[in-house]
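Take a look at the letters that make up each chain.
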Amino acid sequence: LIRLRARLRLGLRVRARVSGLGFTASRTRAATAMAAQVDAAASAAAAEEGVVELNVSTDASHASSTLDGAIEAADAVKAAGNDLFRAKNYEDAKDKYAEAIALLEEARLPLQPAAAPFKSGGSDGDNAEADGAEAAAHIEDGTPAPPSVDDARLPELRQRLAVLYANRAACEVHAEEHEAAVNDCTRALELNPAYLKALLRRAAAEETLDDLEDALRDYKGVLEVEPGHALARRKVAELQPKVDARLEKLKEETLGKLKDLGNSFLSNFGMSLDNFQLNEQPGGGYNISFNQGGGGGGGGGQQS
């Protein structure tokens, strides 16, 4: 109904606007009267179908005031959480931060881009034409367009939420809930990838959990944003040799398991991997030689 009304009204306005090219004043008045009739008919049909016509400007204003109220409430709860944190009451502080997070996450939902609704009936061309007519009608008569994603407020909400998640992670670190701290820092970084405090906090929690590779990665991430960060530079210098040693040990263990697996298979044929030698060639490349005696000094010779 909305699109039908928009298309009819748009067509009538276009015709009325070209009065200088042949339309008379009486025809213009007739077009205006017809548009009024279209509005009345569409409104009556909508009422019969139980359709509620929205006051767009009122809805947008209400959404804005609701968002402001959520931010104000979340700020008050966060301030209470900060006071509890300074008093070292980490459990209650964590609850306050969780409450503030819930307030802002709920306020953020209406601002997320929604998938376009499925339109049954008519071709894609018809739907596109109707959408264009509806948008043009809003421009034509000066009424505001339907509420859309409030891009200006999303960055503010994302930053506020990132701080709250990082604050809750700080409480979890003090409570030795390091896995939860890693998760909350990850949420904060999803909202603000350049949030160094969250990156450092996650790195420290990962190091405590002995996830040294992840901790090293995060400390290096800090240096990408702030190359002169003293703590991150010290931690990278400290953790890099440990991570390298672990990787080397893992490689040796993996090769050992592969060798055991190979020997298990070759034993069915009276052989082992000791029967094979990998020799580097002077001109480059490698040559595999087979020693039937397995290097044990018996006869048998070699073949390659």
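Numbering of residues begins from 1 in every chain and follows the order in which that chain's sequence is written. Given that the model is predicted, a residue must reach a pLDDT of at least 70 before its local features are reported, and side-chain atom pairs must reach 80 or more before they are shown or counted; all residues, however, enter totals for whole chains, interfaces and linings. Side-chain numbers here rest on the full set of heavy atoms in the structure, without hydrogens or water.

Peer 1: Tell me about the overall build of the chain, and name the residues and values.
Peer 2: Runs of H or I in DSSP of at least four residues are treated as helices and runs of E of at least two as strands, each being numbered from the N terminus. Looking only at helices and strands, the chain has 10 helices and 3 strands in total. Along the chain, helices and strands appear, N-terminal first, in the series α-α-α-α-α-α-α-α-α-α-β-β-β. Only protein chains enter the accessibility calculation, which uses a 1.4 Å probe; a residue is then buried when its area is under 20% of its type maximum, exposed when over 50%, and partly exposed in between. When burial is assessed residue by residue, the chain has 29% of its 304 residues classed as buried. Taking the intrachain contacts of the chain between residues at least 6 apart in sequence as the baseline, contacts between residues at least 24 apart amount to 51%. Computed with a 1.4 Å probe, the accessible areas rest on the Shrake-Rupley method; for each residue, only the protein chains presented here act as cover. Carbon and sulfur atoms make up 55% of the accessible area of the chain, which totals about 19200 Å². We call two residues in contact whenever any of their non-hydrogen atoms come within 4.5 Å of each other.

Peer 1: Give me the lowdown on the packing of helix H7 (residues 178-191) against helix H8 (residues 196-208), citing residues and values where you can.
Peer 2: Running from N to C, H7 and H8 point in directions that differ by 155°, and their axes come no closer than 9 Å. One element, H7, and the other, H8, form an angle in the roughly antiparallel class. Between H7 and H8 lies a crossing whose hand is left-handed. Together, His 178, Ala 181, Val 182, Cys 185, Thr 186, Ala 188 and Leu 189 of H7 and Ala 198, Leu 199, Arg 201, Arg 202, Ala 205, Glu 206 and Thr 208 of H8 make up the contact between the two elements. Three residue categories are used. Nonpolar comprises Ala, Val, Leu, Ile, Met, Phe, Trp, Tyr, Cys and Pro, charged comprises Asp, Glu, Lys and Arg, and polar comprises the others, including Gly. A class-by-class count of the residues in the contact of H7 with H8 yields 8 nonpolar, 3 polar and 3 charged. Here an axis means a line fitted to C-alpha atoms, over the contact stretch when the element is a helix, while the angle between two N-to-C directions is reported on a 0 to 180 degree scale. An angle below 35 degrees is treated as roughly parallel, one above 145 as roughly antiparallel, one from 65 to 115 as roughly perpendicular, and anything else as oblique. Crossings are classed by handedness, with left-handed meaning an anticlockwise turn of the near helix from the far one by less than a right angle and right-handed meaning a clockwise turn.

Peer 1: Could you give me a rundown of helix H4 (residues 90-108), with the residues and numbers involved?
Peer 2: By this rule, a helix spans an expected 1.5 Å times one less than how many residues it contains. Here H4 is 19 residues long and its end C-alpha atoms lie 26 Å apart, about the 27 Å a rise of 1.5 Å per residue gives. Within the sequence span of H4, burial applies to Tyr 90, Ala 93, Lys 94, Tyr 97, Ala 100, Ile 101, Leu 104, Ala 107 and Arg 108. Taken around the axis of H4, the buried residues stretch over an arc of 145°, which confines them to a single face. This arc corresponds to the set of directions leading from the helix axis out to the C-beta atoms.

Peer 1: Could you give an account of the side chain of Lys 94, naming the residues involved and the relevant values?
Peer 2: Topologically, Lys 94 is positioned in helix H4. The class for Lys 94 is buried, based on a relative accessible area of 14%. Sequence-distant contacts of Lys 94, defined by excluding residues within four places in its chain, comprise Arg 168, Cys 171, Glu 172 and Glu 177.

Purely spatial values, then, with no claim about function.
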